[in-house]
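In case you want the letters, here they are:
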Amino acid sequence: MNPNTPPVSARIYTVESFTREFLRELNFGQGVDLDRASVNDKYLALSRTVRHYLTTQWLETLRNQYRDQAKVVAYLSAEYLLGPQLENSMLAANLEEIASQALAELGVELDDLRGVEIEPGLGNGGLGRLAACFIDSLATLDIPSIGYGIRYDYGIFRQTFVDDRQVELADHWLRLGSPWELPHPENAVEVGFGGRTKRIKSGPDGARTWSPEWHVTALPYNYMVPGYRNGRVNTLRLWSARATREFDLQTFNSGDYVEAVRGRTFAENISKVLYPEDSTPQGKELRLQQQYFFVAASLRDFLENVLPEDFDLKNLPDRITWQLNDTHPVIAVPEMMRLLVDEYRWEWADAWQVCQKIFAYTCHTLLPEALEVWPVDLLGALLPRHLEIINRINEEFLEEVADRFPGDTLRLHRMSIFAEQPVRSIRMAHLATVASFKVNGVAELHSELLAKKVLPCFAEMWPEKFTNVTNGVTPRRFLRLSNPRLSDLITEAIGDGWITDLERLRELEPLADDAQFRLRFREIKAANKRHLADVLADRDGIDIAGDAMVDAMIKRLHEYKRQSLKLLHIVSLYEGIQSGRIPLQSVLPRTFVFGAKAAPGYVRAKETIELINAVGRTINADASLEGRLKVAFPPNYNVTLAEKLIPAADLSEQISLAGKEASGTGNMKFALNGALTVGTDDGANVEIRQLVGEENFFLFGMTEPEAAALQSSGYDPGTFYESDPELKAALDLLASGAFTQGDRTGAVASVVASLTERDRFMALADFRPYMEAQARVEAAYADHEAWSRSAVLNVARTGFFSSDRSIQDYLDRIWGARPTHQGS
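Bear in mind the structure is a predicted one, so any value in this text is a computation, not a measurement. The written sequence of each chain sets the order in which its residues are numbered from 1. In keeping with the predicted nature of the model, local features appear solely for residues at pLDDT of at least 70, side-chain atom pairs appear and are counted solely at 80 or more, and the whole-chain, interface and lining totals rest on all residues. Note that water and hydrogens are dropped before the side-chain values are worked out from all heavy atoms of the structure.

**Student:** Describe in detail the sheet that holds strand β14 (residues 418-419), supporting the description with residues and values.
**Tutor:** Two strands make a pair as long as DSSP finds a minimum of two bridges between them. A run of H or I in DSSP counts as a helix once it spans at least four residues, and a run of E counts as a strand once it spans at least two, with each numbered from the N terminus. Taking strand neighbours across the sheet as the criterion, the 3 strands line up as β13-β15-β14 in an open arrangement whose pairing is antiparallel. Edge positions in the open sheet fall to β13 (373-375) and β14, since each of these has one partner strand only. The sheet contact formed by β13 and strand β15 (residues 425-427) spans 3 bridges and is antiparallel. Opposite W374, over in β15, you have I426 as the bridge partner. Whether two residues are in contact is decided by their heavy atoms: any pair within 4.5 Å suffices. All axes here are fitted lines through C-alpha atoms, helices being fitted over the stretch that makes contact, and every angle between N-to-C directions spans 0 to 180 degrees. This element, helix α17 (residues 428-435), spans β13 and β15 of the sheet and lies at about 45° to β15.

**Student:** Give me the lowdown on the sheet that holds strand β20 (residues 629-632), citing residues and values where you can.
**Tutor:** In space, the 6 strands of this open sheet follow the order β20-β19-β18-β21-β22-β23, with parallel pairing throughout. Taken across any chain shown, the strands that pair with only one partner, and hence form the sheet edges, are β20 and β23 (697-699). Looking at each pair of strands side by side, their axes are set apart by 20° on average, direction ignored. The pairing of strand β18 (residues 549-554) with strand β21 (residues 651-654) spans 2 bridges and is parallel. By the bridge assignment, D551 is partnered in β21 with L651. Contacts from helix α33 (residues 784-796) reach β18, β21, β22 (676-679) and β23, with the element oriented near 90° to β22.

**Student:** Explain the environment of V108 to me, using residue names and the numbers behind them.
**Tutor:** In this structure, V108 sits in the loop between α4 (96-105) and α5 (110-114). Taking the C-alpha atoms as reference points, V108 and K284, separated by 176 residues in sequence, lie 48 Å from one another. With residues near it in sequence (within four places) discarded, V108 still touches L34, K42, L103 and L113.

**Student:** So what's going on with helix α21 (residues 484-494)? Which residues, and what values?
**Tutor:** For α21, every residue scored as buried is listed here: L486, S487, L489, I490 and I494. When α21 is viewed along its axis, its buried side chains cluster within an angular range of 160° and face the same direction. Turned more than 90 degrees away from the buried face of α21, the exposed residues are D488 and E492. Here the buried face of α21 lies against α20 (475-481), α22 (515-540), α26 (666-672) and α33. Following α21 by one or two positions, G495 has its phi on the positive side, about 85°. Burial classes: relative accessible area under 20% of the type maximum marks a residue as buried, over 50% as exposed, and values in between as partly exposed (1.4 Å probe, protein chains only). Along the arc lie the directions from the helix axis toward the C-beta atoms.

**Student:** I'd like to hear about the environment of R617, residue by residue, with values.
**Tutor:** Mapped onto the fold, R617 is located in helix α24 (residues 603-621). Taking C-alpha positions, R617 is 9.1 Å from K630, a pair spaced 13 residues apart along the chain. Two N or O atoms count as a polar contact when they lie within 3.5 Å, although within protein this holds only if one can serve as hydrogen donor and the other as acceptor, and sequence-adjacent residues are included solely when both atoms are side-chain atoms. In terms of polar contacts, R617 uses its side chain to reach the side chain of D164, at 2.7 Å.

None of this, on its own, says anything about what the molecule does.
As structure tokens, this is what we get:
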């Protein structure tokens, strides 16, 4: 934006002016009057009315950023699981009451319009949800920032169940239009692939020309990211792929209609779906295309459209930090080197010096298979210039390692960016660590294991690079919006300052001993449960009791998260009741709620979903249980459903094998909303337990060192199966076919065999401690006063897990950016 652009006048709404704006949008935006408008027409008109208010602040933010040229945080992420935008935007803009009253005067119910919104499915789970929390907190803390990602046409798939099995359908989240995005085709960027390179004879050291074989146009769509009532509105820029030549008229006129649009189809595949199934070579290539597509567009956009024309790129480290959210955007490193060396004609050494000061890398995993590697042949064919650059980076890096550790050949192999087996590949986590000035884990335990076990040689060489920033969640969405009853109670007790300073929740601690406060807290939890029961009945036809304990396990389906262990607990309870070992009247009424999607190519995870559904179907139909046990597995779990489930939960299941979960954020959301945790000492569970107190957390299972020792000593799951009668009975009941029939027994046999023969994540070893922890849960829940006291203390002591605190830690430990105080 031109710095001479005059300030945008702030738009201040009254009920009357909001009503006029809404009707204007309905008439001239949708082309209908109020009497003939559909619910979707009204939703779109309302959304655009709210957007207009934010747009004035967004333009003012852009104007100020151009004027101040303050340091920017650019967040590169393949996922943004944003959730519904309408309520969040109204909250940030302080328009909730005005909008509600204006609509009511027109005879329109705001709740009806909320229900129309289809949330963007632009993420798969914790990674995308975290990114959305972070950009929210960046805006709320008044930090100049921009998020970059992909505008997937279909996003993550829509999950349904057919005969208990997961079936993936396209998620048509754009089918009714998206009022929150603003396309800017004039800022489109061309991105190349394939082709060949050639040395520039008269150019600087290392410079080459790259002649791509084909190109794709990256079209930017801007989303506004408002801070909480502070006037700042940052930008999330998502790229959509378009063909450079969408339509060949001559070919069309010759009768070859398919060939006429082939280029368009080929190009648009890049931004078609989130995480295309990559068990095929074509799927792998498409994933790499996606990653390069969005980072190449983002880097060029910032250099050419955000920075002023006369900016000296040698000052880039003072102007920006590019935060790499996991390994997906790491190809940005060689792309930046290519731009500086080949296009801006810098000397290699100068370019590399700047490059190492502008990238920071967040690792989100401890699983070796989750650290991306790209076959050299694939990357070389798709991005030949980038392979050359990575080769040179690696050569110079290994020279540095050899100088530091002379004669240590094995270390060179361990630290090389290239892996030689099973095929020569590029280890993206190594590339990110070499290029970044900071590398962080996302929980204290995770960061410790990252340095000790995942990247130990790098941590030994550069200990100053490694740091920790524990994850957090935004209290605006995951308490203020999702749990309005509890939010109102908290505000009544301590004021509303907690919304932007979550540590203020500590002021609730004395109220944990107030019987009247605990009663109101329990009444709110009960109301939230009844609301969840209504939602599940209406959404999925699932019938659950409105007064039973809600025992929730919601997370991506993966073996290390151990949904199988939760399933064994349910089956063991059922077997005990059926065999007479457990008297029915002694069983605590519970509703077990699962929410999980399995990656389309992850067979074992999909088998586990099938088995959970089969067990649930059998238990739910068994009248002899008198409704004491229920299993609910609503399909297509998303942010919208999370906002209903999390406030209703009594028990949060965080039961991954110690040393496998990086952090988790669902654990934080549950605790913040008054659920007690049953969990292992893994990820952020460790910090939750330390903060809420041992007596308010149900700890079980092996520690990470104990799990590692058992694994290295030759773990045999069969010994646990044979030595624990309850475990054996549960597994035998599963294997007997009691829950399945016909051709569906294969999934049962596969899951049972995986547990009894291999059990990679040692669910059987932790089964007995888990059952003992569940017995403690039942005993504690029987004392409603003591349970609600613990629940209140969970809320009061989890203010640390605000994403505002996480962002402040990033600012202090990594980024060095500062608030610019909008409007100053």
